[in-house]
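Architecture at a glance
Residues per chain are reported as follows:
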Amino acid sequence: MAKSTQKRSTLSDVITREYTIHLHKLVHGRSFKKKTPHAVKAIKEFATKAMGTQDVRVDPSLNKALWARGVRNVPHRIRVRIARKRNDDEDAKEKLFSMVTFVPTTNNAKGLETTVVDDE
């Protein structure tokens, strides 16, 4: 017997997870003036793959954390919280969007695993 290839609906999956993104390997080899802009794009691409939504929004706190050391010196690792939420806009193309926020850590986010966060 063949397995059923029915797709699960992501509409009911409103979930929040914390990830550690290794930015150093994602911006390695980039020219100095393009490192931080590419890091922002890499985080958006990571969130798209992790959450399965095309609409990814970056929180200003995450943007400030990335740009805190300038355009050249991107943090090696960064801890982020990605929340998949419902889009309340009536004329939106997609039903869900991902919100990426910064999570401050003490040990440079090394060795931390992906965790599911309960929404309050």
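Being a predicted model, the structure only gives us computed values, none of them experimental.

About the thresholds
Residues numbered from 1 in each chain as written. Predicted model: local features only at pLDDT ≥ 70, side-chain atom pairs only at ≥ 80, totals over all residues. Heavy atoms only, no water. Helix = DSSP H or I, 4+ residues; strand = E, 2+ residues; numbered from the N terminus. Buried < 20%, exposed > 50% of the residue type's maximum accessible area, 1.4 Å probe, protein only. Contact = heavy atoms within 4.5 Å. Pairing = 2+ DSSP bridges. Axes fitted to C-alpha atoms, helices over the stretch in contact; angles between N-to-C directions. Salt bridge = Lys/Arg side-chain N within 4 Å of Asp/Glu carboxyl O.

Looking only at helices and strands, the chain features 3 helices and 5 strands. Shown N-terminal to C-terminal, the secondary structure of the chain runs as helices and strands in the order β-α-α-β-α-β-β-β. Residues counted as buried form 32% of the 120 residues belonging to the chain. A separation threshold of at least 6 residues defines the contact pool for the chain, and within that pool the share at least 24 residues apart is 71%.

Turning our eyes to something else, we now look at the pairing of strand E1 (residues 16–22). Both E1 and strand E3 (residues 77–86) contribute to a ladder of 7 bridges, which runs antiparallel. Its bridge partner being in E3, tyrosine 19 is matched across the sheet by valine 80.

Considering the arrangement of structural elements, one finds threonine 105 in the loop between strand E4 (96–102) and strand E5 (115–117). With a relative accessible area of 33%, threonine 105 lands in the partly exposed category. The spacing of threonine 105 and valine 80 is 25 residues in sequence and 10.0 Å in space, taken between C-alpha atoms. Not counting chain neighbours up to four residues away, the residues in contact with threonine 105 comprise Arg79 and Leu112.

Read from one edge to the other, the open sheet built from 5 strands follows the order E2-E4-E3-E1-E5, with strand pairing classed as mixed. Single-partner strands in this sheet number two, and they are strand E2 (56–58) and E5. Neighbouring strand axes in the sheet, compared pairwise and without regard to direction, differ in orientation by 30 degrees on average. Where helix H2 (residues 35–51) meets the sheet, its contacts fall on E1, E2, E3 and E4, and the angle it forms with E1 comes to roughly 135 degrees. With respect to the sheet, helix H3 (residues 60–67) is in contact with E2, E3 and E4, its orientation differing from that of E4 by roughly 45 degrees.

A few words on the pairing of E3. Pairing between E3 and E4: 7 bridges, direction antiparallel. Bridged to isoleucine 82 within E4 is valine 100.

Moving on to the pattern of salt bridges. For the structure shown, the criterion picks out 4 salt bridges. The partner of arginine 79 in a salt bridge is glutamate 18, and the shortest N-O contact between them spans 3.5 Å. Placement of the pair is arginine 79 in strand E3 and glutamate 18 in strand E1, with a sequence separation of 61 residues. Of the residues examined, arginine 79 reaches a relative accessible area of 4% and is grouped as buried. Taken together, the salt bridges that share partners define one network made up of Glu18, Arg79 and Arg81.

The values reported here are purely geometric and, on their own, carry no functional implication.
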